[in-house]
Amino acid sequence: MKFVFFAVFSVSLFAQARLDPAALLQPLASSWPTYNGDYSGRRYSALSQINASNVSSLALAWVYRANPGSDQAGGGGNVPVIKSTPLEINGVLYFTVPDHVWAIDARSGRPIWHYEWKNSKGGWHIGNRGVGVSGNWLYFETPDCNLVSLNLKDGKERWHTEICDLDQFYYASVAPVIVRNHVITGVSGDDLDIPGYIESHDPATGALQWRWYTHPEPGDPEAQSWPNVEAMLHGGGMTWVPSTYDPELNLIYFGTGNPQPVIAGKARKGDNLYTECIIALNPDTGKLKWYFQPSPHDTHDWDAVQTPVLFDGEIKGEKRKLLAQASRNGWFFVLDRATGKSLVTSEFVKTNWAKEVNEKGQPVPNPRKEPKLDGVLVSPDQGGGVNWPPPSFNPETGLFYANAARAFSVYYLYEDDDKPEGWGGNDRGGWSEAMLQAIDYQTGKIRWSHKWPGNGGGVRSGLLSTAGKLLFAGDTNQNLVALDPEQGTPLWHAGLHAQMTNGPITYELDGVQYVVAAAGDSLYGFALNSAQR
Amino acid sequence: MRALCLLFAISASLCAQPGPRARQPIDPAAAARGKKTYLQYCINCHGSLAQGTEQGPDLVRSVVVLRDKLGSALGPALQKLPNHKTDLTQAQIVDLSHFLRDRVEYTAMNRHASRPPNVLTGNAAAGKEYFSAKCNECHSPTGDLAGIAGKFQPDELQQRLLFPRRKPIAVTVRALGAPPVSGTLERIDDFTVSLRDAGGEFHSWKRVAGVEVEIKDPLSRHHELLDEFTDADIHNLVAYLETLK
């Protein structure tokens, strides 16, 4: 199998903290300069100093415990949880919890600066995915709906601008993605029936360049996927997770969230476009290129926001530019990313909610598995077959990896009137088992599955692949684990003080490769000692 | 998406709350007065739940209402909009604001059940038949399940039937050159296993070649049933269990 290498990022080693925007289109080298490391979303690093032959000697290099020092630190006075993926740029790591950004020394884990967004006006403080960086500037979103730009070297605020309306119960949690002169932002919130959208902002001023709503315009053919305009304009579809980008096609790709009302779908009959879709947009204009909907008319809160991973490969002997997503509904999709045409559809965990796969490659919901007043047993549960933590694709193995769960719960309908709003129901209870799934992208079949022993429940950690023939993952038992990506055999682990809470990263400085992962309020840095390098 | 809040947060307060932190507190008495005003002047067009009709828009979804603070947006809107009551007193507008804010907050929280779901929709006789065929091996209506319906509400019965509370898991570890050790599983991952034996002693092993682990989860059959149950089976079984007063 031959893969066409997908153009991505690298960082010029400037003397200052600066990240050269022109360097963003180079292949990923020794740094980790954006949420997914590069534009492709593969979370694959070519670094190989740490490899299958020496990973048994991988050891702790440093720990940094984030102390927000206030009672608004993403936790109302409680311990913050690092769900962001740190960026590594010129020897500095940048990461967040809600309302807070840190810069720490990537060699030692020692703090450089800490910025607090003071006097937050509210919003859910459940998590923040991290920052985006371009030039001398850093960008992040606050729970109370602001996009904030900081000076990379000292964390001083340059400007902030409102990107959503707190009064409508929006909030903001996404790591901005920088595409040339665009800062791409997403929005969050699903308590009330509000429309989702994605925006582009000017990197210098924060001024809005364009906004694209995740619903069709009245009169569009796709508007027929809603019973009426009011339902469509209040139909949800948040943009919770950072985009990926193909510079050649000049398209950004992202997933959209659940339709509203979330559980009670009685007054939104139809497919409910563009909720729970994979979307391709032109980043210069915000114009829609294509869409594919993994979950038509969802009533289970299964956002299709999981990272759309971009790589080139062969399907049935034909070379193609591909996009793959392991979606929260338990299904795996491979699309032609130029057209959105479906190429592979398969379950990556066993589910019970779809009655068939249609000619477009979509699983079709079984109406019997829609929430009911007396309850209906559904798999996966609301947490999904996967959730927001990022997957990984390894071009050497041709395998797509998902830290997955097989889970059941009972979905109840609470609101049975003709026009339910909000959620109108929920799921309850549950049993689950967690496993790492290696999916053959050409067939959608599971090449290997490694069940995490012990605690049931989902895992909330992302994945990292490296050219060192390693796959890094968090298990359900507070371990960071390195596995053989071909077979799924665990090769190394480190016990952390909590379950992993973000996607691990890797970078190299002074000839030393580091692996960094977060667990709860702490970042852990690992490296080989000099004798093992 | 925010279900993650419940699944993953260290404490509920980690999740703060939706919307602005400084939000209009709802005075129940004012909301009750506002409801009377609403019923008198607004219900015909905006509907009994303020969710709109063909004659008037949904007020729970109204940006004016969502941005309103004690009538700050509502009052001017009533003056500006055609065919609206323009001579309400400021006190009436404030009361109306409390009523509409109450509707908004109710909607934002309706992922939580206001009353237990009615799950008694099955056929008890069919449930008894299923029980006799599939459950009798481990359970008895006159033994461990005698009077079970008196202990739990029907919705809780349904949940416990599907997702029983965790029970101690039996484990035996056989390490080369040592007698097997059995006990209750404390923890297992890919690298270590630990147990507490009948005498209360703690034991742990590295999971290396030569260390075999045998686990017997008493709930494994329940987990298998999740793939076998139809929803009718579940409702029938709950209806049957409800007869075991």
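It should be noted that the structure appears before, not after, this text.
Here's a quick rundown of the structure. (Residues numbered from 1 in each chain as written. Chains lettered and ligands numbered in written order. Predicted model: local features only at pLDDT ≥ 70, side-chain atom pairs only at ≥ 80, totals over all residues. Heavy atoms only, no water.)

## Regarding the overall build of chain A
Consideration 1: Regarding its fold elements, chain A presents one helix and 36 strands.
Consideration 2: By the compact-globule yardstick of 24 Å for 533 residues, chain A fits well, its C-alpha radius of gyration being 21 Å.
Consideration 3: Counting across all 533 residues of chain A, residues that qualify as buried make up 70%.
Consideration 4: The long-range share in chain A, meaning contacts at least 24 apart out of those at least 6 apart in sequence, stands at 60%.
Consideration 5: In the structure as shown, chain A presents an accessible area of about 15800 Å², 47% of it carried by carbon and sulfur atoms.
Consideration 6: Between the mean site of the 43 positive side-chain charges and the mean site of the 56 negative ones, chain A shows a separation of 5 Å. (Helix = DSSP H or I, 4+ residues; strand = E, 2+ residues; numbered from the N terminus. Rg over C-alpha atoms; globule rule 2.2 N^0.38 Å. Buried < 20%, exposed > 50% of the residue type's maximum accessible area, 1.4 Å probe, protein only. Contact = heavy atoms within 4.5 Å. Areas by Shrake-Rupley, 256 points an atom, 1.4 Å probe, with all protein chains shown as cover. Lys, Arg positive; Asp, Glu negative; His and termini not counted. Charge placed at Lys NZ, Arg CZ, Asp CG, Glu CD.)

## Details of the interface of chain A and chain B
Consideration 1: Counting residues at the interface gives 82 residues for chain A and 63 residues for chain B.
Consideration 2: Across the chain A to chain B interface the summed buried area is about 6000 Å²; carbon plus sulfur atoms make up 55%.
Consideration 3: K69(B) is paired through a salt bridge with D167(A); the nearest N and O atoms lie 3.3 Å apart.
Consideration 4: Applying the counting criterion to the chain A and chain B interface returns 33 residue pairs in polar contact (both at pLDDT 80 or more).
Consideration 5: Residue assignment for the side of chain A that touches chain B shows that the elements contributing at least two residues are β25 (376-378), β27 (399-413), β28 (425-440), β32 (479-483) and β33 (490-495) of chain A.
Consideration 6: When residues of the side of chain A that touches chain B are assigned to their parent elements, the largest contribution, six residues, is made by β28(A).
Consideration 7: Looking at side-chain class alone, the side of chain A that touches chain B contains 27 nonpolar, 31 polar and 24 charged residues. (Buried area = accessible area lost by both parts, 1.4 Å probe. Salt bridge = Lys/Arg side-chain N within 4 Å of Asp/Glu carboxyl O. Polar contact = N/O pair within 3.5 Å; in protein donor to acceptor, adjacent residues only side chain to side chain. Nonpolar A, V, L, I, M, F, W, Y, C, P; charged D, E, K, R; others polar.)

## Quick look at the packing of aromatic side chains
All names here are of chain A.
Consideration 1: All chains considered together, the criterion is met by 28 aromatic pairs over all chains.
Consideration 2: With a centroid separation of 5.2 Å and 50 degrees between ring planes, the pair formed by W302 and W353 is classed as tilted. Of the two residues, W302 sits in the loop between β18 (288-292) and β19 (309-315) while W353 sits in the loop between β22 (342-347) and β23 (354-357), which places them 51 residues apart along the sequence.
Consideration 3: Accessibility expressed as a relative area gives 2% for W353, which makes it buried.
Consideration 4: Residues F311 and Y441 carry aromatic rings whose centres are separated by 5.0 Å and whose planes lie at 80 degrees to one another, so their mutual orientation is edge-to-face. (Phe/Tyr/Trp six-rings, centres within 6.5 Å; stacked < 30°, edge-to-face > 60°.)

## Comments concerning the pattern of salt bridges
Consideration 1: In the structure shown here, the tally under the stated rule is 44 salt bridges over all chains.
Consideration 2: Between D312(A) and R337(A) there is a salt bridge, and its shortest N-O distance comes to 2.8 Å. Taken together, the residues span a long stretch of sequence, with D312(A) in strand β19 and R337(A) in the loop between β21 (331-336) and β22 at a distance of 25 residues. Pair check on accessibility: D312(A) and R337(A) agree, each one buried.
Consideration 3: One salt bridge in this structure joins E186(B) and R196(B), with 3.3 Å as the shortest N-O distance. Residue E186(B) is located in strand β2 (residues 181-188), and its partner R196(B) is located in strand β3 (residues 192-196); the two are separated by 10 residues in the primary sequence.
Consideration 4: Look at E186(B) and you get partly exposed, because its relative accessible area is 41%.
Consideration 5: Among the residues examined, R196(B) registers a relative accessible area of 35% and is labelled partly exposed.

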